[in-house]
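Working through the structure, step by step
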Amino acid sequence: KHLSDKFQILTNEVGLQYAKNSYRAADIAIYEKKQLKKVSQKDKYLRIPPKIVIQIDAKAALDKESDLPGYYHKKVDHLLQFGVEKVIWIFTNTKKILLAEPQKDWLTINWSDSFEFLDGHQLNLAEKMEEQDR
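So, here's what we can say about the structure. (Residues numbered from 1 in each chain as written. Predicted model: local features only at pLDDT ≥ 70, side-chain atom pairs only at ≥ 80, totals over all residues. Heavy atoms only, no water.)

The next subject is the sheet that holds strand S2 (residues 22–32). Here we have 6 strands laid out as an open sheet, ordered S1-S2-S3-S4-S5-S6, and mixed in their pairing. Every interior strand has two partners, whereas the edge strands, strand S1 (7–19) and strand S6 (107–110), have only one. Taken pair by pair, the neighbouring strands of this sheet meet at an average axis angle of 30 degrees, ignoring direction. Here 10 bridges tie S1 to S2, and the two strands are oriented antiparallel to one another. Bridging from a neighbouring strand, Leu16 pairs with Arg24 of S2. Contacting S1, S2, strand S3 (52–56), strand S4 (86–91) and strand S5 (96–100), helix H3 (residues 68–82) crosses the sheet at an angle of about 155 degrees to S4. (Pairing = 2+ DSSP bridges. Helix = DSSP H or I, 4+ residues; strand = E, 2+ residues; numbered from the N terminus. Axes fitted to C-alpha atoms, helices over the stretch in contact; angles between N-to-C directions. Contact = heavy atoms within 4.5 Å.)

Below you can see the structure in the form of structure tokens.
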């Protein structure tokens, strides 16, 4: 609710086609609205990278992958190579957050740590969770 009107938040496993016959889904994808004006209503997969992708755990992948760290790393790499500016991966069991941006070291932080979310907006997941509980 604090983001500018210039952004559109898409949820529920947004289909992304990052290369020919190569697809990924994003739990949450944040686009600048002007990017989405180019998208046909008939497209099943978006072929333009979102500004930010937020992933929460990987329950769907647990049954299919024996190497979960490898799965996370491959997916983050694919998203960044596609042109996503920031990947935020939230791990609920460990209460950790992975932050990944192109040409930067990936960071793993605690839920209680604040980080820049988008365009100077800071986010502290622990504080947000406490607000929801009130």
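Moving on: the side chain of Lys86. Structurally, Lys86 can be placed in strand S4. Despite its burial, Lys86 pairs with no opposite charge, the nearest such side chain being Glu101 at 4.2 Å. When neighbours within four sequence positions are excluded, Lys86 is seen to be in contact with Lys51, Ile52, Val53, Ala100, Glu101, Glu116 and Phe117. (Buried < 20%, exposed > 50% of the residue type's maximum accessible area, 1.4 Å probe, protein only. Lys, Arg positive; Asp, Glu negative; His and termini not counted. Salt bridge = Lys/Arg side-chain N within 4 Å of Asp/Glu carboxyl O.)

In this section: the packing of aromatic side chains. Going through the model one piece at a time under the given rule, you end up with 6 aromatic pairs. Ring plane angle 70 degrees and centroid distance 4.9 Å describe the contact between Tyr72 and Trp89, whose orientation is recorded as edge-to-face. Remark: Trp89 occurs in strand S4 and Tyr72 occurs in helix H3; sequence separation between them is 17 residues. When its relative accessible area of 16% is taken as the criterion, Tyr72 is described as buried. What makes Trp89 buried here is its relative accessible area of 0%. Within the aromatic cluster, the residues linked to one another by ring pairs are Tyr71, Tyr72, Trp89 and Phe91. When the ring centre of Trp111 is taken as origin, the NZ or CZ atom of Lys95, which lies over that ring, is 5.0 Å away. (Phe/Tyr/Trp six-rings, centres within 6.5 Å; stacked < 30°, edge-to-face > 60°. Lys NZ or Arg CZ within 6 Å of the ring centre and 35° of its normal.)

Quick look at the pattern of salt bridges now. Enumeration over the complete set of coordinates arrives at 6 salt bridges. We note a salt bridge from Lys34 to Glu32, for which the minimum N-O separation is 3.6 Å. Its relative accessible area of 57% is what places Lys34 among the exposed residues. Exposure remark for Glu32: the relative accessible area of 16% places this residue in the buried category. The partner of Glu101 in a salt bridge is Lys104, with the nearest N and O atoms 3.5 Å apart.

In terms of nonpolar packing, the biggest core is built from 20 residues, with Leu16, Val76, Val87 and Trp89 touching the most fellow members. Counting only elements with at least two residues in this core, the list comes to S1, S2, H3, S4 and S5. One finds Ile30, Ile88, Leu99 and Phe115 within the second-largest nonpolar core, a separate group that totals 14 residues. (Core = buried A, V, L, I, M, F, W, Y, C linked by side-chain atoms within 4.5 Å.)

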